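Residue strings, one per chain:
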Amino acid sequence: MALRSPLYLDIETLLSQAEYHEIDVPRQSEIVEKTTRKRGGGGKVSFPGVGGADASVGSDVEHQSTYELKPREKATVSKVIDRLISEEAVKTDLDEHTVLSKDDLVEVDGLTRITAASLAGKMFFMIRRLMDTAEGDLESIFDLGIEDLPVADQVRKVYLRNELLPIPVLLELTGSKLPQKVYVSVAPDHFIDAASANRVEGELRVLGSISHLVPGGDEGFLSAEQWLLHDWEYLMRRKLMTQVDEVVKNLVEQLEIDLPTEDVHAFLSGPAVVIDAVALY
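Residues numbered from 1 in each chain as written. Predicted model: local features only at pLDDT ≥ 70, side-chain atom pairs only at ≥ 80, totals over all residues. Heavy atoms only, no water.

### Things to note about the pattern of salt bridges
Part 1 of the reasoning: In total, this model carries nine salt bridges according to the counting rule given.
Part 2 of the reasoning: Here glutamate 172 makes a salt bridge to arginine 113, at a shortest N to O gap of 2.6 Å. Placement of the pair is glutamate 172 in strand 7 (residues 169–174) and arginine 113 in strand 6 (residues 105–114), with a sequence separation of 59 residues.
Part 3 of the reasoning: Overall, the relative accessible area of 14% leaves glutamate 172 in the buried class.
Part 4 of the reasoning: Taking the relative accessible area as the measure of exposure, arginine 113 reaches 18% and is therefore buried.
Part 5 of the reasoning: Put simply, aspartate 263 and arginine 113 hold a salt bridge, and the shortest N to O gap is 2.7 Å. In this pair, aspartate 263 is assigned in the loop between helix 8 (244–255) and strand 11 (267–269) and arginine 113 in strand 6, connecting sequence segments 150 residues apart. Each member of the pair, aspartate 263 as well as arginine 113, is classed as buried. (Salt bridge = Lys/Arg side-chain N within 4 Å of Asp/Glu carboxyl O. Helix = DSSP H or I, 4+ residues; strand = E, 2+ residues; numbered from the N terminus. Buried < 20%, exposed > 50% of the residue type's maximum accessible area, 1.4 Å probe, protein only.)

Structure (C-alpha cells):
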C-alpha cells in the first residue's frame, strides 16, 4: 500500500468510520521519559567512630521530561484507509455488478471536473453579497450582467483569483466502471495546506460515502439547490429554483465555458450516484 498525500481530507469523518468499524487509530499521546543515574563516585568515606563506607553505592537521582507526540497525519490517514479497505469496510473496484446502498463507503478513481451547478453556485453566492446594497427587487439583481461594475469586481475575485468560497462544490467524475453518472460533493473547509478548489479537477481517487442514489427514468432526478443556493433561506430557494435553470445556462454562456450539453443546471438526472467526499488524493 502506498503512502497517500491527500489534497482534501475530512479527518473527523475518516476517524469516525475507523471507530465504527473498530479499527485502532494512532492517537496523540503523552510520553514520559525517566532516566536514572548514580550519585557520587568511587573510594571510601570515613565517619568518626564508623568504618569506611563504599561511596560508589550512592543514591538514585530521577530526571523526568514530558512532551507530546502527534502521529504523522499522512501515515495515519494511509494506515486507516488501508485497514478500512482490508476489513472490506470500503467498496473498491466498482463496476456494473457492484450493489450500492446509501451510506456505503466507497473508493473510486476517475477524471473530475467542476459542474455548471457549482460555477453558478459561486455566482449566487456573489449575488448574496450584493443583495445588501442592491436597489429594487431580487429579479433586478438577476438582470445584472457580468459587465456591471459590482458584479465584475466579484467575478474577478471569485473566478479570476479563484477565491475559495464557503460553499460545497459539486464535481462530476468520469472514467469509472460504474454504469451510472458519478458526482462528488466536496465541502469547503477540509482542504490540506495550499490546496484549494482549483485542485479538485483532474485525475483523482475519491474516498467517500454515498449520500444519494438517483434512479433512472422520468422520476430520476435530484435538485441541485444545495450546491446552487447553499445557505439561502428556504422560501427564497423555493422561489429561485423555479427560474434557476435558465440563469445557470446564461451564466455558462457569458463566461464562455465549454461544458457538456447535459451538464448539471437545476437538477441531476439519473441514473446517478452522489458521493460525499471524505478524502481526495
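From this point, things continue past the structure.
### Let's talk about the side chain of glutamine 17
Part 1 of the reasoning: Topologically, glutamine 17 is positioned in helix 1 (residues 11–20).
Part 2 of the reasoning: Ignoring any residue separated from it by four or fewer positions in sequence, one finds glutamine 17 in contact with Leu84 and Leu105. (Contact = heavy atoms within 4.5 Å.)

### Focus: unusual backbone geometry
Part 1 of the reasoning: With an omega of 0°, the peptide bond between glycine 270 and proline 271 qualifies as cis.
Part 2 of the reasoning: For proline 271, the position within the fold is in the loop between strand 11 and strand 12 (272–280).
Part 3 of the reasoning: Notably, aspartate 93 is not glycine yet its phi reads approximately 50°, a positive angle.
Part 4 of the reasoning: Residue aspartate 93 is classed as exposed on the basis of its relative accessible area of 69%.
Part 5 of the reasoning: The backbone of aspartate 103 sits at a positive phi, close to 80°, despite the residue not being glycine.
Part 6 of the reasoning: Mapped onto the fold, aspartate 103 is located in the loop between helix 2 (73–86) and strand 6.

### Some details on helix 1
Note that an α-helix has 3.6 residues per turn; residues three or four places apart therefore point the same way.
Part 1 of the reasoning: Among all positions in helix 1, only Leu14, Gln17 and Ala18 are buried. What you see down the axis of helix 1 is that its buried residues fit within an arc of 100°, all on one side. Opposite the packed face of helix 1, turned more than 90 degrees from it, sit the exposed residues Glu12, Glu19 and Tyr20.
Part 2 of the reasoning: Against strand 1 (8–9), helix 2, strand 6, strand 9 (202–214) and strand 12 lie the buried residues of helix 1.
Part 3 of the reasoning: Glutamate 22 sits one or two residues past helix 1 and shows a positive phi near 60°. (Arc of directions from axis to C-beta.)

### A short note on the pairing of strand 7
Part 1 of the reasoning: The element strand 7 is extensively covered by neighbouring structure, given that five of its six residues are classed as buried.
Part 2 of the reasoning: Note that strand 6 and strand 7 share four bridges and pair antiparallel. By the bridge assignment, arginine 113 is partnered in strand 7 with glutamate 172.
Part 3 of the reasoning: Here five bridges tie strand 7 to strand 8 (residues 181–186), and the two strands are oriented antiparallel to one another. Paired with leucine 173 across the two strands is valine 182, which belongs to strand 8. (Pairing = 2+ DSSP bridges.)

### Structural notes on helix 2
Part 1 of the reasoning: With 14 residues, helix 2 extends 20 Å between its outermost C-alpha atoms, agreeing within 8% with the 20 Å of an ideal straight helix rising 1.5 Å per residue.
Part 2 of the reasoning: Among the residues of helix 2, Thr76, Val77, Ser78, Val80, Ile81, Asp82, Leu84 and Ile85 are the ones counted as buried.
Part 3 of the reasoning: Looking at the buried side of helix 2, the elements it contacts are strand 1, helix 1, strand 6 and strand 9.
Part 4 of the reasoning: In the stretch just after helix 2, glutamate 88 is the one whose phi turns positive, near 60°. (Expected span 1.5 Å × (residues − 1).)

### Description of the packing of aromatic side chains
Part 1 of the reasoning: Within the structure shown, the criterion is met by two aromatic pairs.
Part 2 of the reasoning: Each ring, one from tyrosine 8 and one from phenylalanine 191, has its centre 5.3 Å from the other, and the planes form 70°; the classification is edge-to-face. With a gap of 183 residues between them, tyrosine 8 in strand 1 and phenylalanine 191 in the loop between strand 8 and strand 9 connect regions that are remote in the sequence. In terms of burial, tyrosine 8 and phenylalanine 191 fall into one category: buried.
Part 3 of the reasoning: Ring plane angle 70° and centroid distance 5.9 Å describe the contact between phenylalanine 221 and phenylalanine 267, whose orientation is recorded as edge-to-face. On the criterion of sequence distance, the pair formed by phenylalanine 221 in strand 10 (residues 221–223) and phenylalanine 267 in strand 11 is long-range, its members being 46 residues apart. (Phe/Tyr/Trp six-rings, centres within 6.5 Å; stacked < 30°, edge-to-face > 60°.)

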